[in-house]
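# Architecture at a glance
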Amino acid sequence: MATLEIHQFPCLSDNYGVLIHDGGSGLTASIDAPDADAVAAALKATGWKLSHILTTHHHADHTGGNLALKSQTGCSIIGPRGEAARVPGIDKPVGGGDAFAFGGLQVRVIDTPGHTAGHITYWIPDAKTAFVGDTLFAIGCGRVIEGDARMMWASLQKLMALPGETSIYCGHEYTQANAKFALTIEPENADLQKRAREVDHLRAAGKPTLPTSIAIELATNPFLRPHVAAIQKRLGMEGRPEWEIFGEIRERKNRF
Ligand code: ZN
Ligand code: FE
């Protein structure tokens, strides 16, 4: 059975680059391409040869390296069908429900619009791993820029339904600031308190807080917890629809 090797590295100011490598086939994909030089350096460090870029959404801090990497390596760029015109160098547009082979592994595409209108997530069930771009962050979620709260909530619900053990790789290291905000929404959550301390220790040691997992996020991420009575009470929104409560939490984070 194919196994996936994963190399995560910081780049730009607070982005993560991620390389995935299937040893059996020798294929290597960059999940997004924030910065061509940083991705090239990571390829050199791992000794892997780039065959693909898997783009989650069109923002420049996720696609800025596309054209340079494509001309350096001849890699093939897979990206969201819903915003293909805004993804530099795209070869193969994909959308929700699509699946494609990456060496011996199957990659499934999930539509996760809201941050951008065409944002997609790449899920590799056999590797128990998903690459969620700027939809879900550790203890947070992406800004709702091109969609609305109802759309973003529907996208997050799809990720919440993945197996709890699924490793989640995100576009940014925002976890420490997210934890500070989360504690204003659910200060009594003991799992969140504990995790906030762990995050502080990791960051003080210069270590990443990612990947996270669906199970950890379900327990600690207030954006995934609008059903919790204590949160509803704090917001004065008892019994309101979950998407509306999610939207209020997002608004508060925008102002935080
Ligand atoms: Zn973005
Ligand atoms: Fe981003």
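Residues numbered from 1 in each chain as written. Chains lettered and ligands numbered in written order. Predicted model: local features only at pLDDT ≥ 70, side-chain atom pairs only at ≥ 80, totals over all residues. Heavy atoms only, no water.

### Section: the packing of aromatic side chains
- Counted according to the given criterion, the structure contains seven aromatic pairs.
- When the centroid spacing of 5.0 Å and the interplanar angle of 80° are considered together, the rings of Phe137 and Tyr174 count as edge-to-face. Placement of the pair is Phe137 in strand S11 (residues 136-137) and Tyr174 in the loop between strand S13 (167-169) and helix H5 (175-185), with a sequence separation of 37 residues.
- Tyr174 gets classed as partly exposed once you look at its relative accessible area, which sits at 31%.
- Look at Phe181 and Phe256: their rings are 5.2 Å apart centre to centre, the planes differ by 70°, and that puts the pair in the edge-to-face class. With a gap of 75 residues between them, Phe181 in helix H5 and Phe256 in the segment after helix H9 (242-255) connect regions that are remote in the sequence. (Phe/Tyr/Trp six-rings, centres within 6.5 Å; stacked < 30°, edge-to-face > 60°. Helix = DSSP H or I, 4+ residues; strand = E, 2+ residues; numbered from the N terminus. Buried < 20%, exposed > 50% of the residue type's maximum accessible area, 1.4 Å probe, protein only.)

### So, the layout of surface pockets
- Looking at the largest pocket, its volume works out to about 210 Å³.
- In terms of lining residues, the largest pocket is bounded by 15 residues, among which Phe137, Cys141, Gly142, Arg143 and Tyr174 are the most central.
- A class-by-class count of the residues in the lining of the largest pocket yields five nonpolar, five polar and five charged. (1 Å grid on protein atoms, 1.4 Å probe; cavity = no way out; pocket = protein on both sides within 12 Å on 5 of 7 lines; lining within 4 Å. Points joined across faces, edges and corners; volume = space filled by probe spheres on them. Nonpolar A, V, L, I, M, F, W, Y, C, P; charged D, E, K, R; others polar.)

### Quick look at the sheet that holds S13
- Strand order in the open sheet made by the six strands is S7-S8-S9-S10-S13-S14, with mixed pairing throughout. In the strand order of this sheet, the two ends are held by strand S7 (99-102) and strand S14 (212-213), each with one partner.
- Bridging between S13 and S14 involves two bridges; their strand directions are antiparallel. Looking across to S14, one finds that Ser167 is bridged to Ser213. (Pairing = 2+ DSSP bridges.)

### Looking at the pattern of salt bridges
- If you walk through the whole model with that rule in mind, you get eleven salt bridges.
- Of the charged contacts, one joins Glu186 and Arg225 as a salt bridge, the two residues approaching to 2.9 Å between their closest N and O atoms. With Glu186 in the loop between H5 and helix H6 (190-204) and Arg225 in the loop between helix H7 (214-220) and helix H8 (229-234), this pair connects stretches of sequence that are 39 residues apart. Both residues of the pair, Glu186 and Arg225, count as buried.
- Between Glu244 and Arg240 there is a salt bridge whose closest N-O contact spans 2.9 Å.
- Owing to a relative accessible area of 23%, Glu244 belongs among the partly exposed residues under this scheme.
- A relative accessible area of 42% places Arg240 in the partly exposed class. (Salt bridge = Lys/Arg side-chain N within 4 Å of Asp/Glu carboxyl O.)

### Some details on unusual backbone geometry
- That bond from Leu210 to Pro211 is cis: its omega, 5°, falls within 30 degrees of zero.
- For Pro211, the location among the structural elements is in the loop between H6 and S14.
- A positive phi is found at Asp32, a non-glycine position, where the angle reads about 60°.
- With respect to the helices and strands, Asp32 occurs in the loop between strand S3 (27-31) and helix H1 (36-46).
- Look at Asp32 and you get buried, because its relative accessible area is 4%.

### Section: the coordination of the iron ion (ligand 2)
- Looking at the iron ion (ligand 2), one finds its protein donor set to be Asp61 (OD), His62 (NE2), Asp134 (OD) and His172 (NE2), positioned 2.1 to 2.3 Å from the metal centre.
- All donors to the iron ion (ligand 2) come from one chain, and their sequence spacing reads D-H-x71-D-x37-H.
- The distance between the iron ion (ligand 2) and the zinc ion (ligand 1) is 3.1 Å, with Asp134 acting as a donor to both metals. With His62 in helix H2 (residues 60-63) and Asp134 in the loop between strand S10 (129-131) and S11, this residue pair connects regions lying 72 residues apart in the sequence. Of the two residues examined, His62 and Asp134, each falls in the buried class. (Donors = N, O, S within 2.8 Å, 3.2 Å for Na, K, Ca; no water.)

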